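What follows is each chain in one-letter form.
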Amino acid sequence: MAGDAAGTRYIFVTGGVVSSLGKGIAAASLGALLESRGQRVSVIKLDPYLNVDAGTMSPFQHGEVYVTRDGAETDLDLGHYERFLKTRTSRLSNFTTGQIYNNVINKERRGDYLGGTVQVIPHITDEIKRCILEGGEGADICLVEIGGTVGDIESLPFLEAIRQFAVELGHHRVLFMHLTLVPYIASSGEMKTKPTQHSAKELRSIGIQPDILLCRVDRPLPENERRKIALFTNVSERAVIACIDVDDIYKMPGLLQAQSLDALVLEHFDISAPNADLSNWAALVEARRTQDVTVKVAMVGKYVDLADAYKSVNEALSHAGLHTGTRVDIHYLDSETVERDGGDCLAGMDAVLVPGGFGERGIEGKITAARYARMHNIPYFGICLGMQVACIEFARDIAGLDGAHSTEFVAEPAHPVIALVTEWHDLAGDIQKRHAEVDLGGTMRLGEQRCDLVADTLAARCYDATQVFERHRHRYEFNNHYRDVLAEKGLVFSGISAEDNLVEIVELPDHPWFLGCQFHPEFTSTPRSGHPLFIGFIAAARAHCTASAEAR
Ligand code: GLN
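Residues numbered from 1 in each chain as written. Predicted model: local features only at pLDDT ≥ 70, side-chain atom pairs only at ≥ 80, totals over all residues. Heavy atoms only, no water.

Feature annotation in UniProt places "binding site: UTP" (unreviewed entry) on Ser19, Lys192, Thr193, Lys194, Pro195, Thr196, Gln197 and Lys228, given in this structure's numbering. These annotated residues cover 210 residues of sequence, and their C-alpha atoms reach 23.3 Å apart at the extremes, leaving them scattered rather than at a single site. Looking at the element boundaries, Thr193 is found in the loop between β9 (190-191) and α7 (194-205). A relative accessible area of 3% places Thr193 in the buried class. With near-sequence residues (within four places) excluded, Thr193 lies in contact with Glu225, Lys228 and Ile229. (UniProt positions renumbered as here; feature names shortened; annotations may be inferred. Helix = DSSP H or I, 4+ residues; strand = E, 2+ residues; numbered from the N terminus. Buried < 20%, exposed > 50% of the residue type's maximum accessible area, 1.4 Å probe, protein only. Contact = heavy atoms within 4.5 Å.)

See below:
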């Protein structure tokens, strides 16, 4: 196939019967297994929706927007991949139908098709195949997850493209893995394999024969059911793998290995590789089992009913718990409730976290949360908007700058301590130009940038480093014209962007743990290493919890 030189093998992961079966986690766990067997793994997520990227999608519908190192705004599944794998995702790791069409239409406008009729087949499918090849470049094995459920109209072009892909590349270089549901029907006391049979049949009807079936089950899959599934779906018996519900997702790699999933895959590709060493995953499971203190962390945001809206923050808190022996109990608090009822609704919390966010709703509640944490010596972690509200609160209450605000929420505040660079920075043009080069023309500051840490600060101690790279996704910045007056009153600016002299981290020295960062550290936290700021924060929450217990 054109563009294929490297010999990368491809695993296509599709889902059947119902959505939300955990395709992302299953694929990521397989990736982790393959990495531990010495394979270089890359991942691609194909999303059937028409949005060009996830950047404009509401967390209500779509969960969090995950930002890659190179500044792509992507599906939250990429977060699972970065947490499970050592490989890093990029703008080549997530394609939507919208983006594929966009590429094809741009080519058509440029005249690349020389007047030919542009059609779904072959032009859209060719573009999909091109993107898959590009995303797999340099890897031994590329995992490609197809969003949606087989049978959806929307995912048809993707399925057709991967069918062609297998024909063109040869079946020894391509593996189809299909995840389905095998439900247990309580009234008859039986597991039902029919939906799986139908789902495999649906795939076959478009020319794809699955090589491996992952069956999501809530109890062990009896041997006779496994045989039945194999018989009806044309899949070998040992390739019918049970994906049983787990109480800890880090058990997944071990669970799949116990059924030789990695061996099946490598056999299919004729790759011989060293055995997997899953001791790091076992250690994580053990770390969760032995957590001995539970801390209550208030998360003050707008999307309290939606765990997915703050997915990476939740995960990063949980990782920090694994590294400090602490169970982290997250209490979601609606910022509008805090606005209405005041900071006292945070009483009894061991720590307060204000995550990133956009829009005015509940903003005063977030400011109140920062104030309450500051005044009551409760560990505070402000991420992006959470840092901005901490600065606004400090400006108003400690520096006496009445009417301090962000120009995101008030057109002309008396003191625009947070504002667009164009509203205050002398070199705004240069900065915007540089950012635009990185984020392809958006108005957001996106992706990884270098931050220099000031020695002897909380930030420098947490990271134990002098410079770090962290990912951004925001428009507004701390206004440097207010740096001196706030510094005089005791706010410490402990992280500064290397290139643009922008404030990246603020902290309060005479507080047990009070830190805000303009970037999103949650995107780089992994279960294996945790993230220094989250670990520091949870360690402080733990100390707060222990001290309050002793005081009682
Ligand atoms: N709304 C703020 C900004 O654009 C913060 C964004 C965020 O928290 N991700 O600057």
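This brings us to the nonpolar core. The tendency in soluble globular proteins is for nonpolar side chains to be buried side by side. Membership of the largest hydrophobic core comes to 54 residues, with the highest contact counts inside it found for Ile11, Met177, Ile212, Leu214, Leu261 and Val265. A total of 8 residues in this core trace back to one element, the largest contributor, which is helix α1 (residues 23-36). Not counting chain neighbours up to four residues away, the residues in contact with Leu214 comprise Ala26, Met177, His178, Leu179, Thr180, Ile241, Cys243, Leu256 and Leu261. Counting 41 residues, the second-largest nonpolar core is a separate cluster that includes Tyr372, Ile392, Ile496 and Val506. (Core = buried A, V, L, I, M, F, W, Y, C linked by side-chain atoms within 4.5 Å.)

Below, the discussion takes up the pattern of salt bridges. Across all of its chains, the model carries 39 salt bridges by this definition. Between Asp47 and Lys45 there is a salt bridge, with its nearest N and O atoms 3.0 Å apart. Looking at Asp47, the relative accessible area reads 3%, which means it is buried. Between Glu190 and Lys192 there is a salt bridge, and its shortest N-O distance comes to 3.0 Å. What makes Glu190 partly exposed here is its relative accessible area of 37%. The exposure class of Lys192 is partly exposed, given its relative accessible area of 33%. Beyond isolated ion pairs, a larger network of salt bridges with shared partners links Lys45, Asp47, Asp75 and Asp77. (Salt bridge = Lys/Arg side-chain N within 4 Å of Asp/Glu carboxyl O.)

Looking now at the packing of helix α12 (residues 311-324) against helix α20 (residues 532-551). Describing two packed helices takes the angle between their axes plus the distance from one axis to the other. Contact pair α12 / α20: the axes reach a minimum separation of 8 Å and the direction vectors enclose 65°. For the pair α12 and α20, the sense of crossing is right-handed. Residues Val313, Ala316, Leu317, Ala320, Gly321, His323 and Thr324 of α12 form the contact with α20, whose own contacting residues are Phe534, Ile535, Phe537, Ile538, Ala539 and Arg542. Residue composition of the contact of α12 with α20, grouped by class: 9 nonpolar, 3 polar and 1 charged. (Axes fitted to C-alpha atoms, helices over the stretch in contact; angles between N-to-C directions. Left-handed = near helix turned anticlockwise from the far one by under 90°. Nonpolar A, V, L, I, M, F, W, Y, C, P; charged D, E, K, R; others polar.)

Quick look at the site of the ligand now. The ligand sits among Gly356, Gly357, Phe358, Cys384, Leu385, Gln388, Glu408, Arg473, His474, Arg475, Tyr476 and His520. Here an oxygen atom of the ligand sits 2.8 Å away from a polar atom, N or O, in the main chain of Tyr476. Of all the elements in the fold, those that place two or more residues in the shell around the ligand are α15 (385-397) and β19 (467-474). Classifying every residue of the shell around the ligand by side-chain character gives 4 nonpolar, 5 polar and 3 charged. (Near = heavy atom within 4 Å. Polar contact = N/O pair within 3.5 Å; in protein donor to acceptor, adjacent residues only side chain to side chain.)

Another aspect to go through is the sheet that holds strand β17 (residues 415-420). Strand order in this open sheet of 3 strands is β16-β17-β20, and the pairing throughout is mixed. Edge positions in the sheet fall to β16 (404-406) and β20 (476-478), since each has one partner strand and no second. Between one strand axis and the next, the sheet turns by 30° as a mean value, whatever way the strands run. As paired elements, β16 and β17 share 3 bridges and run parallel to each other. For Ser406, the partnering residue across the bridge sits in β17 and is Ile418. Packed on one face of the sheet, α15 meets β16, β17 and β20 and runs near 165° to β16. (Pairing = 2+ DSSP bridges.)

A full pass over the atoms with the stated rule returns 14 aromatic pairs. Put simply, the rings of Tyr10, Phe12, Phe165 and Phe176 pair up and form one aromatic cluster. Note that Arg219 overlies the ring of Tyr184, its terminal NZ or CZ placed 3.4 Å from the centroid. Lying over the aromatic face of Phe493, Arg483 brings its terminal NZ or CZ to 5.9 Å of the ring centre. (Phe/Tyr/Trp six-rings, centres within 6.5 Å; stacked < 30°, edge-to-face > 60°. Lys NZ or Arg CZ within 6 Å of the ring centre and 35° of its normal.)

Let us now look at the pairing of β17. Across 3 bridges, the pairing between β17 and β20 is antiparallel. Each residue of the ladder has a partner; that of Leu420, found in β20, is Tyr476.

Here the focus is α20. A rise of 1.5 Å per residue sets the reference length of α20, with its 20 residues, at 28 Å; its end C-alpha atoms lie 28 Å apart and thus fit the reference within 8%. Leu533, Phe534, Gly536, Phe537, Ile538, Ala540, Ala541, His544 and Cys545 are the residues of α20 that are buried. (Expected span 1.5 Å × (residues − 1).)

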